[in-house]
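Read off the chains here:
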Amino acid sequence: EPTTALDAHVQLQIIELLQDIVKQGRGLLIISHDLGLVAQLAGQVHVMRHGRVVEQGDRAEVLRQPRHAYTRALLQAQPGRLAPSPVVVSAGGPPLLEAEGLVKSYRQADGSRHLALAEAGFRLAAAGALGIIGASGSGKSTLASLLLGLQSPDQGRISFLGQPWVGAGQAQ
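Nothing here was measured: the structure is a model prediction, and the numbers come from that model. (Residues numbered from 1 in each chain as written. Predicted model: local features only at pLDDT ≥ 70, side-chain atom pairs only at ≥ 80, totals over all residues. Heavy atoms only, no water.)

This brings us to the pairing of strand S5 (residues 113–125). As defined by bridge partners, strand S4 (residues 95–107) adjoins S5 across 9 bridges and the pair is classed as antiparallel. Along S5, the bridge assignment pairs Tyr-106 with His-114. In sequence, S4 turns back onto S5 through a hairpin of 5 residues, with Gly-111 there showing a positive phi of about 90°. (Pairing = 2+ DSSP bridges. Helix = DSSP H or I, 4+ residues; strand = E, 2+ residues; numbered from the N terminus.)

This is the structure in structure tokens:
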């Protein structure tokens, strides 16, 4: 949430810095509930609900012509209109960061398991920008925790530049 609780001028500066990252040929992964931020920065969008990606695709397609009812409901709940979208560099090329089949569950007080993330995955190319959006409880924070290496997935793999990823919490 790089722009949460910031005044409008500072928000704009942060957005411009993030756009520059993509223009410089670096990948950008945005995990947020802020649809306006994702609309401004991401070339590709994944929409999460209950730990699952329910819709994914090109930003314009997902945000302007959503196929899934949940995506439509998120967009209808958005106050005002989504901000105009700047040009984003194409996300072609080999993956910078890739996640496949990520599953994460947590043990609850009664001993049952809560599935927080189910078969999540994506490919982020250098010079690409991917936005992952969803309401609270959709699995975004769990995904972020796995990507940072703060937790390990129950199943699935994460790779960076084609190599298994050892995140901050797993470094040796």
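This next bit is on the nonpolar core. Leu-28, Ile-30, Leu-41, Val-45, Val-47 and Ile-133 are the most contacted members of the largest nonpolar core, which has 20 residues in total. The set of elements that each furnish at least two residues to this core consists of helix H1 (8–23), strand S1 (28–32), helix H2 (35–41), strand S2 (44–49), helix H3 (59–64), helix H4 (69–77) and strand S6 (129–133). Sequence-distant contacts of Val-45, defined by excluding residues within four places in its chain, comprise Val-38, Glu-55, Gln-56, Gly-57, Arg-59, Val-62, Leu-130, Gly-131 and Ile-133. (Core = buried A, V, L, I, M, F, W, Y, C linked by side-chain atoms within 4.5 Å. Buried < 20%, exposed > 50% of the residue type's maximum accessible area, 1.4 Å probe, protein only. Contact = heavy atoms within 4.5 Å.)

A sheet is described by the order of its strands in space; here 4 strands give the open sequence S1-S6-S2-S3, paired in mixed fashion. Two strands in the sheet have a free side with no partner beyond their single neighbour: S1 and strand S3 (52–58). The sheet shows a mean angle of 15° between the axes of neighbouring strands, direction not considered. Across 6 bridges, the pairing between S2 and S3 is antiparallel. The residue of S3 that forms the bridge with Met-48 is Val-53. Here H4 sits on the sheet in contact with S2 and S3, set at roughly 100° to S2. (Axes fitted to C-alpha atoms, helices over the stretch in contact; angles between N-to-C directions.)

On to the environment of Leu-147, then. With respect to the secondary-structure elements, Leu-147 resides in helix H5 (residues 140–147). In this structure the C-alpha to C-alpha distance between Leu-147 and Ala-99, which are 48 residues apart in sequence, comes to 8.3 Å. Ignoring sequence-local partners within four residues, the contact set of Leu-147 consists of Leu-29, Ile-31, Phe-122, Ile-158 and Trp-165.

With that out of the way, let us pick up the pattern of salt bridges. Counting across every chain of the model gives 5 salt bridges. Taking the shortest distance from any N to any O, the salt bridge between Arg-123 and Glu-98 comes out at 3.6 Å. In this pair, Arg-123 is assigned in strand S5 and Glu-98 in strand S4, connecting sequence segments 25 residues apart. Residue classification places Arg-123 among the exposed positions, given a relative accessible area of 56%. With a relative accessible area of 12%, Glu-98 lands in the buried category. Between Glu-100 and Arg-157 there is a salt bridge, with its nearest N and O atoms 2.5 Å apart. Placement of the pair is Glu-100 in strand S4 and Arg-157 in strand S7 (residues 155–160), with a sequence separation of 57 residues. (Salt bridge = Lys/Arg side-chain N within 4 Å of Asp/Glu carboxyl O.)

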